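Structural overview
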Amino acid sequence: MSCHNPIENMSIPKDTKKIVLAGNPNVGKSVFFNALTGIYVDVSNFPGTTVDISMGKYKDSVVMDTPGVYGVSSFNDEERVARDVILFADVILNVVDAVHLERDLFLTQQIIDMGIPMVIALNMMDEVKRNGLKIDIKKLSEKLGVEVIPTTAVKKEGFEEIKAALDRAKSGNSIPKVKDLMTQVIDYVDVEAEALLVVEEDENVLKRHDLENNYGKREQIYKLRRDRVDKVVEEVISETNEGASFKTKLGRWMLSPITGIPILFIALFITYQLIGVFVAQTVVGITEEVIMGQYYYDFVMGILTNFVSETSFVGKLLIGEFGILTMAPVYLFGLLLPLVAGFYFILSIMEDSGYLPRIAALVDRLLTFFGLNGRAIIPIILGFGCVTMATITTRLLGSKRERFIATMLLGLAIPCSAQLGVIAGLIAPLGAKMFLLYAITIFIVFVLTGTILNKIMPGESTDLLIDLPPIRVPILKNVLKKTYLKSKAFIFEAGPLFVLGAIIITIMDHTGVLTMISDALAPVTVGFLKLPKETAQTFIMGIIRRDFGAAGLSTLVQQGLLNPLQTVVSLVAITLFVPCIAAIMVIFKERSWQESALIWIGSFIISFLTAGILAQIVL
Amino acid sequence: MTLDLIGKGQKLEIVHIPDSSIRAQAIRLGIYEGARLTCSEKLPAGPVILQNRMQEIAIGRNLAKKIAIKSIA
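Each chain carries its own residue numbering, running from 1 in the written order of its sequence. Chains carry letters and ligands carry numbers; both start at the beginning, A for chains and 1 for ligands, and go up in the order they are written. Side-chain atom pairs in this predicted model are given and counted only at pLDDT of 80 or more, local residue features only at pLDDT of at least 70, and totals for whole chains, interfaces and linings cover all residues. As a convention, hydrogens and water are excluded, and side-chain values are obtained from all of the structure's heavy atoms.

Thoughts on the side chain of A:Ser61
- Where helices and strands are cited, they refer to DSSP runs of H or I of at least four residues and of E of at least two residues respectively, numbered from the N terminus. Among the structural elements, A:Ser61 can be located in strand β4 (residues 61-64).
- If we skip the residues at most four places from it in the chain, A:Ser61 touches A:Thr16, A:Lys17, A:Ile19 and A:Gly56. We call two residues contacting when some pair of their heavy atoms lies within 4.5 Å.

Dropping the structure here:
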């Protein structure tokens with residue numbers, strides 16, 4: 001093929017047949033993937049993105065999984081990846097949710113129009129019956145011109161038939177008018193499938209071939225396709241009764257505020273119990289303190305102290321307080337990894353059960369005050385786990401403006417789980433009044449910052465437009481796989497940045513810059529914040545690791561240097577403060593350096609200003 | 001009238017969607033000019049939920065204000 005094929009970098013032998021799984025989100029693609037490939041699976045990051053592609057072997061072919069999409073185009077990262085994998089497929093196994101034919105067949109027809117041989121797995125056949133639907137499968141197959149195999153993936157029904165049908169895959173009945181349009185541009189592209197995307201005005205494919213957008217007929221083609229799909233659906237589906245099952249009702253309850261808000265609180269409480277209590281305290285207690293803090297630490301020190309002195313510069317760099325072989329891995333694997341995995345586990349359950357889009361719809365109105373839409377709830381929830389990974393997920397937001405607002409709010413006002421633990425420990429003994437003072441201050445800052453940013457930021461935010469999938473019981477295997485993939489991606493993203501951070505801090509410490517900043521801050525600390533001079537040191541520590549700062553404060557409290565009100569003031573400063581070094585580095589990686597600097601310096605100013613004002617009022 | 005004015009349980013037909021990028025994304029979910037749908041839920045000052053058979057789609061209130069519809073029996 002040509003240099004335009006992005007999946008060529010993915011180390012697949014040239015003549016190997018590529019079977020690609022395609023389908024809408026949550027239709028059960030992964031179950032088919034697992035059934036076809038067994039255990040010979042290779043998961044790799046798609047070039048230039050954080051989207052993971054699973055690859056495995058089936059007989060002599062390579063099987064590739066794609067992210068769930070509603071169509072082949074370039075509206076987001078997932079779609080761009082799915083598009084490139086689908087474009088260069090030899091056979092497509094299109095997994096279709098039988099209950100949502102009018103949604104899913106749009107993608108099906110689009111792939112048919114590309115001319116790629118295909119087999120359809122008509123999945124969720126068990127739900128078809130339960131919902132009082134009847135589908136004429138034979139007719140559907142005739143209309144589309146490809147084989148349609150009824151399946152129920154969770155019960156492994158229909159897998160053998162799918163395997164047999166893959167060898168008989170053929171290209172289906174494309175829309176004649178679309179085909180005509182494609183022949184006009186076929187000479188400019190490498191494969192037939194690309195011709196479709198050229199006439200559908202796909203910017204990336206146009207760019208790849210240095211084409212102008214002169215063939216643009218996207219709307220016309222989409223309309224033709226929609227008409228055709230609706231007509232097919234009309235002919236093959238008959239409803240036997242109105243089946244409002246319990247799941248449908250539950251879905252409604254989750255949306256309607258009167259029932260939805262209590263359900264959300266219950267869900268958040270369970271999340272807190274699992275992540276904030278079980279993982280953050282019990283699991284991390286073992287992984288950070290015992291496994292990494294003792295066994296790993298002793299192991300590394302035991303070896304390295306033979307070669308370098310702990311007090312030399314190289315020694316500090318490798319195994320010092322902020323060393324790349326000591327602090328970085330202990331923090332990354334002992335503390336962050338369990339928290340991140342825990343959060344992704346919960347998030348995957350919410351995603352796969354169909355609850356997440358309903359939360360997004362429920363809070364949409366609230367978030368529009370901050371120039372965000374309901375989807376931004378995902379990074380915000382994640383932020384309470386770890387701001388670093390939450391910053392990465394701001395990618396799913398629709399515009400640059402929203403990504404900036406969300407990142408700023410995350411960096412500023414969302415305390416991560418590492419911090420929450422220490423903050424809770426410090427504030428609990430001081431009583432409810434002090435807790436309220438703290439919580440209300442943070443809340444006001446969050447609301448004010450969001451509202452002001454929404455007012456002053458140029459541009460427009462995108463509106464909510466999301467599919468609400470049916471409520472389902474998630475499949476544990478898929479949830480675990482997703483958790484694993486996302487946690488791994490996180491470690492690969494944040495890990496190197498964290499090592500870099502460790503290096504910077506060691507150098508600052510070694511050269512005395514750390515103490516210098518601490519001393520320079522003293523007038524602010526003592527004069528404006530009315531705190532003892534020693535607190536400045538903990539602020540610096542707070543940049544390195546958010547909970548370091550808070551932990552430093554507990555030492556000061558134990559020494560009797562902070563009274564309850566001073567404790568609250570310093571906790572406010574620490575919370576609003578710039579996020580930890582890993583988060584800062586991820587922000588710099590995700591946003592432009594101007595935006596990042598603005599977020600960084602902005603949160604500095606806001607945190608000291610807020611803490612200062614609070615100090616002037618209460619102290 | 002616009003989509004934000006529809007009541008829960010009412011049927012409607014989409015008349016016009018102004019933004020071309022929204023049009024392209026919405027059509028894939030079955031929302032397009034001429035589509036006949038039901039408003040299955042309406043959150044107070046929040047998104048309007050449209051339903052077509054088993055398919056449900058949430059549309060933010062601001063976007064709903066821009067979508068022209070007509071109410072049908």
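Details of the interface of chain A and chain B
- Opposite the 40 residues of chain A that make contact, chain B presents 35 residues.
- For the pair chain A and chain B, the summed buried surface comes to about 3300 Å²; carbon and sulfur atoms form 57% of the total.
- Of all residues in chain A, A:Arg252, A:Asp463 and A:Leu465 bury the most surface against chain B, accounting for 20% of the area lost on that side.
- Take a side-chain nitrogen of Lys or Arg and a carboxyl oxygen of Asp or Glu: if they are within 4 Å of each other, that pair is a salt bridge. At the boundary of chain A with chain B, the tally comes to 5 salt bridges.
- The term polar contact refers here to a pair of N or O atoms within 3.5 Å; inside protein, the definition further demands a hydrogen-donor-capable atom paired with an acceptor-capable atom, and it admits residues adjacent in sequence only when both atoms are side-chain atoms. Across the chain A-chain B interface, the total number found is 14 residue pairs in polar contact (both at pLDDT 80 or more).
- If you list the elements that add at least two residues to the side of chain A that touches chain B, you get α3 (101-114), α10 (218-236), β9 (237-239), α11 (246-255), α15 (356-367) and β10 (465-468) of chain A.
- Of the residues belonging to the side of chain A that touches chain B, the class tally is 17 nonpolar, 6 polar and 17 charged. Buried area counts how much accessible surface, traced with a 1.4 Å probe, disappears from two parts once they are put together, with both parts' losses summed. Gly counts as polar in this scheme, as do all residues outside two lists: the nonpolar Ala, Val, Leu, Ile, Met, Phe, Trp, Tyr, Cys and Pro, and the charged Asp, Glu, Lys and Arg.

Details of the nonpolar core
Residues and elements named next belong to chain A.
- Buried Ala, Val, Leu, Ile, Met, Phe, Trp, Tyr and Cys residues that are joined via side-chain atoms within 4.5 Å together make up what is termed a nonpolar core. Working definition: with a 1.4 Å probe on protein chains only, accessible area under 20% of the residue-type maximum means buried, over 50% means exposed, and in between means partly exposed. Formed by 112 residues in total, the largest nonpolar core has its most connected members in Leu367, Leu372, Ile377, Met389, Tyr438, Phe490 and Phe539.
- Top contributing element to this core by residue count: helix α14 (residues 327-353), with 13 residues.
- Residues in contact with Phe490, not counting those within four places in the same chain, are Leu336, Val340, Cys386, Thr388, Met389, Ile392 and Gly495.
- Counting residues in each nonpolar core, the second largest holds 62 residues, with Val81, Met118, Leu133 and Val148 among its members.

Observations concerning the layout of surface pockets
Residue and element names in this part refer to chain A.
- In this structure, the second largest pocket spans a volume of roughly 1800 Å³.
- Detection works on a 1 Å grid of protein atoms alone, calling trapped sets that fit a 1.4 Å probe cavities and calling open sets with protein on both sides within 12 Å along at least five of seven lines pockets, with lining residues defined by an atom within 4 Å of a point. Considering the residues around the second largest pocket, the lining is formed by 45 residues, among which Phe265, Leu268, Ile380, Phe384 and Ile414 are closest to the centre.
- Contributions of two or more residues to the lining of the second largest pocket are made by α12 (257-304), α15, α16 (377-383), α19 (417-427) and α20 (432-456).
- Sort the elements by how many residues they give to the lining of the second largest pocket and α12 lands first, with 12 residues.
- Classifying every residue of the lining of the second largest pocket gives 38 nonpolar, 6 polar and 1 charged. Grid points are joined across faces, edges and corners, and a volume is the space filled by probe spheres set on the points.

As for the sheet that holds strand β1 (residues 11-16) of chain B
- For two strands to be treated as a pair, DSSP must find at least two bridges joining them. Taken in spatial order, the 6 strands line up as β10(A)-β4(B)-β3(B)-β2(B)-β1(B)-β5(B) in an open sheet, and their pairing is antiparallel. Both outer strands of the open sheet, β10 of chain A together with β5 (68-72) of chain B, are each paired with one neighbouring strand and no more. Within the sheet, the average angular offset between the axes of one strand and its neighbour, ignoring direction, is 40°.
- Bridge analysis of β10(A) against strand β4 (residues 55-59) of chain B gives 4 bridges, and the strand direction is antiparallel. Whenever a helix is involved, its axis is fitted only over the stretch in contact; in every case the axis is a line through C-alpha atoms, and angles between N-to-C directions fall within 0 to 180 degrees.

Description of unusual backbone geometry
Residue and element names in this part refer to chain A.
- One non-glycine residue, Lys156, lies in the positive phi region at around 60°.
- Secondary-structure assignment places Lys156 in the loop between β8 (147-150) and α6 (159-166).
- Its relative accessible area of 58% is what places Lys156 among the exposed residues.

Some details on empty space enclosed by the protein
Residue and element names in this part refer to chain A.
- Per the counting criterion, the structure on display carries 3 cavities of 30 Å³ or more.
- Its boundaries defined by the atoms lining it, the largest cavity holds a volume of some 50 Å³.
- In terms of lining residues, the largest cavity is bounded by 11 residues, among which Tyr331, Leu336, Cys386, Val387 and Cys416 are the most central.
- Contributing elements (two or more residues each) for the lining of the largest cavity: α14 and α17 (387-393).
- Ranked by the residues each element gives to the lining of the largest cavity, the list is headed by α14, at 3 residues.
- For the lining of the largest cavity, the class distribution of residues is 8 nonpolar, 2 polar and 1 charged.

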